[in-house]
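Here is how the chains run, residue by residue.
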Amino acid sequence: SACGSGERWVRSAAPLLDSAPPSAVVAMSVWWQAPQYLLVGLSEVFASIGQMELFYDQAPAAMRSCSMALQLLSVCLGSYLSGALVYVLAAGTAALDPARRGWLPKDLNAGRLDLFFWAMAALCLADLAAFLWVASAYEYKAEAVQWTPIEYQDNQGCIDLVEKTPNGILRM
């Protein structure tokens, strides 16, 4: 994650803030955040275009306006869920922290934004895996591929020979 790596670098480059007064400012330019925000913004644009195309192209002609409304509803629900996720992570990590600061305290210099960003990267990776699993089974409307199901023979006897206790080949 670019954000997690960037935050880890900022934490290592910043002076020790525990001994500094509360009004201390880290001598670092805000422009170090520009690449991360550019990356997030571009990913939002590309995801939104793909989502709109899917909702518009794959819906029946009579339901296109309804599907576009569902696309906007999914964006709305995603925003609410991201806010709830931030709240849950902030409250959960504060409850586990002996100092009760957690990853996202009011003073972000005392928090662990790098861990928060890495948790978001892990969540995005899990989301990518779920997307690839669902997308691999999706049949587009325009394809209309003709297929017939394959009938498989029952091979329970072979499975029992391998797994069944006490005489199975791979008994456990």
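All values derive from a computational prediction rather than experimental measurement. (Residues numbered from 1 in each chain as written. Predicted model: local features only at pLDDT ≥ 70, side-chain atom pairs only at ≥ 80, totals over all residues. Heavy atoms only, no water.)

Enquirer: Quick question: what am I supposed to make of the side chain of Gln-58 here?
Expert: Here Gln-58 shows up in the loop between α2 (34-57) and α3 (64-96). In terms of polar contacts, Gln-58 uses its side chain to reach the side chain of Asp-57, at 3.2 Å. Here the side chain of Gln-58 touches Tyr-138 through a polar contact of 3.3 Å, side chain to side chain. Look past the residues within four positions of Gln-58 in its chain and what remains in contact with it is Glu-53, Tyr-138, Tyr-140 and Lys-141. (Helix = DSSP H or I, 4+ residues; strand = E, 2+ residues; numbered from the N terminus. Polar contact = N/O pair within 3.5 Å; in protein donor to acceptor, adjacent residues only side chain to side chain. Contact = heavy atoms within 4.5 Å.)

Enquirer: What should I look at first to understand the pattern of salt bridges in this one?
Expert: If the charged atoms of two oppositely charged side chains come close together, the side chains can form a pair. Counted under the stated rule, the structure contains one salt bridge. With its nearest N and O atoms 2.9 Å apart, the salt bridge here joins Asp-114 to Arg-112. The class for Arg-112 is partly exposed, based on a relative accessible area of 30%. (Salt bridge = Lys/Arg side-chain N within 4 Å of Asp/Glu carboxyl O. Buried < 20%, exposed > 50% of the residue type's maximum accessible area, 1.4 Å probe, protein only.)

Enquirer: Please explain a nonpolar patch on the surface as it appears in this structure.
Expert: Together, Leu-38, Leu-42, Val-45, Phe-46 and Ile-49 make up a nonpolar patch on the protein surface, roughly 510 Å² of accessible area in all. Using a relative accessible area of 58% as the deciding quantity, one classes Phe-46 as exposed. (Patch = residues over 30% accessible without salt bridge, like charges linked within 9 Å, V, L, I, M, F, W, Y side chains within 5 Å. Areas by Shrake-Rupley, 256 points an atom, 1.4 Å probe, with all protein chains shown as cover.)

Enquirer: So what exactly am I meant to see when it comes to the packing of α3 against helix α4 (residues 113-137) here?
Expert: The relative placement of two packed helices comes down to the angle between their axes together with the axis-to-axis distance. Across the interface, α3 lies against α4 with an axial gap of 12 Å and an inter-helix angle of 130 degrees. Comparing the axis directions of α3 and α4 gives the class oblique. Seen from above, α3 lies across α4 with right-handed handedness. Residue-level contacts link Leu-85, Val-86 and Leu-89 of α3 to Phe-116, Met-120 and Leu-123 of α4. (Axes fitted to C-alpha atoms, helices over the stretch in contact; angles between N-to-C directions. Parallel < 35°, antiparallel > 145°, perpendicular 65-115°, else oblique. Left-handed = near helix turned anticlockwise from the far one by under 90°.)

Enquirer: Looking at this structure, how should I read the packing of α2 against α3?
Expert: Contact pair α2 / α3: the axes reach a minimum separation of 8 Å and the direction vectors enclose 150 degrees. Comparing their axes, α3 and α2 come out roughly antiparallel. Crossing angle aside, the handedness with which α2 passes α3 is right-handed. Facing Ser-48, Gln-51, Met-52, Phe-55, Tyr-56 and Asp-57 of α2, the residues of α3 in contact are Arg-64, Ser-67, Met-68, Leu-70, Gln-71, Ser-74 and Val-75.

Structural measurements only, silent on function.
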